[in-house]
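# Working through the structure, step by step
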Amino acid sequence: MHNPPRILIADDNADNREILATQLATQDYELLQAADGEEAVAAARNQLPDLILLDILMPKLNGLEVCRRLKGDASLPFMPIILITVKSDTKDVIVGLEAGAVEYLTKPIDQMAVVARVQSVLRIKKLHDQVLAQAAELASWSRTLEQRVAQQLSEIERISRLKQFLPPQVAELIISSGDDNLLKSHRAAITVVSCDLRGFTAFAEIAEPEELMILLREYHATLGAVIHQFEGTVERFAGDGLLVLFNDPLPCPDPSVRAVQMAVRMRDEIAELDVKWRKHGHELGFGIGIAHGYATLGCIGYEGRFQYSVTGTVANLACRLCDAAEWPNLGGREGAHGSRNTGRR
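Throughout what follows, the structure given in this document is the object of discussion. (Residues numbered from 1 in each chain as written. Predicted model: local features only at pLDDT ≥ 70, side-chain atom pairs only at ≥ 80, totals over all residues. Heavy atoms only, no water.)

## Structural notes on helix H9 (residues 255-279)
An ideal rise of 1.5 Å per residue puts 36 Å on 25 residues; H9 measures up with 36 Å between its terminal C-alpha atoms. Every buried residue of H9 is listed here: Pro255, Arg258, Ala259, Met262, Ala263, Met266, Ile270, Ala271, Leu273, Asp274 and Trp277. Gly281, located one to two residues past H9, shows a positive phi value of around 85°. (Helix = DSSP H or I, 4+ residues; strand = E, 2+ residues; numbered from the N terminus. Expected span 1.5 Å × (residues − 1). Buried < 20%, exposed > 50% of the residue type's maximum accessible area, 1.4 Å probe, protein only.)

## Here's the deal with the nonpolar core
Grouped together as the largest cluster of nonpolar side chains are 32 residues, with contacts concentrated most on Tyr219, Met262, Met266 and Phe286. Counting residues per element, the ones that place at least two in this core are strand E6 (186-198), helix H7 (200-206), helix H8 (209-229), strand E8 (241-246), H9 and strand E9 (285-302). Here the element with the most residues in this core is H9; it accounts for eight residues. Dropping the residues within four chain positions of it, Met262 is found in contact with Val193, Val226, Ile227, Phe230, Val244 and Phe246. Counting residues in hydrophobic clusters, the runner-up holds 24 residues, among them Leu8, Ala43, Leu76 and Ile81. (Core = buried A, V, L, I, M, F, W, Y, C linked by side-chain atoms within 4.5 Å. Contact = heavy atoms within 4.5 Å.)

## Re the sheet that holds strand E2 (residues 30-34)
Here five strands make up an open sheet; going across it, the order is E2-E1-E3-E4-E5 and the pairing parallel. Whereas interior strands pair on both sides, the edge strands pair on one side only; in this sheet they are E2 and strand E5 (103-106). When strand polarity is set aside, the average angle formed by the axes of neighbouring strands in this sheet is 20°. Sheet topology note: the strand E3 (residues 51-55)/strand E4 (residues 81-85) ladder contains four bridges and is parallel. Bridging across to E4, Asp55 finds its partner in Ile84. In the packing of helix H2 (residues 37-47) onto the sheet, the strands contacted are strand E1 (6-10), E2 and E3, and the crossing angle to E1 comes to about 170°. (Pairing = 2+ DSSP bridges. Axes fitted to C-alpha atoms, helices over the stretch in contact; angles between N-to-C directions.)

## Considerations on the pattern of salt bridges
A side chain with one charge can pair with a side chain of the opposite charge if their charged atoms come near. Across all of its chains, the model carries 16 salt bridges by this definition. Between Glu30 and Arg6 there is a salt bridge; the shortest N-O distance is 3.2 Å. Residue Glu30 is located in strand E2, and its partner Arg6 is located in strand E1; the two are separated by 24 residues in the primary sequence. Judged by relative accessible area, which is 28%, Glu30 ranks as partly exposed. The residue Arg69 makes a salt bridge to Glu65 at a minimum N-O spacing of 3.4 Å. You can see Arg69 and its partner Glu65 sitting in helix H3 (residues 63-72), four residues apart, about one turn around the helix. Salt bridges sharing partners connect three or more residues here, namely Asp11, Asp55 and Lys107. (Salt bridge = Lys/Arg side-chain N within 4 Å of Asp/Glu carboxyl O.)

## Thoughts on the packing of H8 against H9
Packing of H8 against H9 leaves a shortest axis separation of 10 Å and a crossing angle of 155°. Judged by the inter-axis angle, H8 sits roughly antiparallel to H9. Like other packed secondary-structure pairs, H8 and H9 cross with a definite hand, here right-handed. On H9, the residues touching Leu215, Glu218, Tyr219, Thr222, Leu223, Val226, Ile227 and Gln229 of H8 are Met262, Arg265, Met266, Glu269, Ile270, Leu273, Lys276 and Trp277. For the contact of H8 with H9, a count of residues per class yields ten nonpolar, two polar and four charged. (Parallel < 35°, antiparallel > 145°, perpendicular 65-115°, else oblique. Left-handed = near helix turned anticlockwise from the far one by under 90°. Nonpolar A, V, L, I, M, F, W, Y, C, P; charged D, E, K, R; others polar.)

Below you can see the structure in the form of structure tokens.
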């Protein structure tokens, strides 16, 4: 809708046009005029009036043909048409409405009737435009929502992949910052924690598969909670063996201190599990090795299966210290040396 509403008066009789213009002048409308059907079509396409008062009997193009052409042009917005004629036969009214008009007035036209009909049709025009605007706004919101959902799904997928080898808070930070460079190959000073179960190989050879998997789930769940608490990065786990990194891919204060604190908590948690395992006849121990030094880090693997990995002597040293670590009361099992001690550099 224009402000004020724009009305086109199309009639080949100049006096009739002036009469209608005078009748509507008190309503503060913007009034346009056309003297024949071709002028009416051109004015409608160029000026896009909010309402057309259209005489049926005009030269070049009659009102019905004008109506049909305008209604058949899909590029034009909704422009309601009131047909004006001396004909009042029901059949004429039906033909006019079928051509696309919304109202039908007969001459001579009463001023009050013209004003009332015009106001009524303009309300229809206003409501129609509001509905279109709301539909367009809704469509825009829908597209925005679809884009946000797609973006969030993509972020969830990326976080899910990163959480396979990073603590959740680190994965989420990388996603939120958009900085994937943190995972590219680089060299850094890190603290590596290596841990495994003593006697696990022998246990795996004689245990039932279900029993073995239950024990591993308990073991991984226990250590996983501790690793998450101390914000370590799981480089790998294979069976009972785990390798955890500190100070990469994101730096942390005092990585070695944090690694030792995590190791102590791991030792205590596994000690509680050990009591339960012994009740079921499982003779297992636990070893931890900690080393600090420089290593090369980055993602390795292939499309669909990547792993954040460390390469260097510091990781090998942590594993060797883990092999040398002791666990109490192992009764001669592999790695037993008779006292509780955490191997470290």
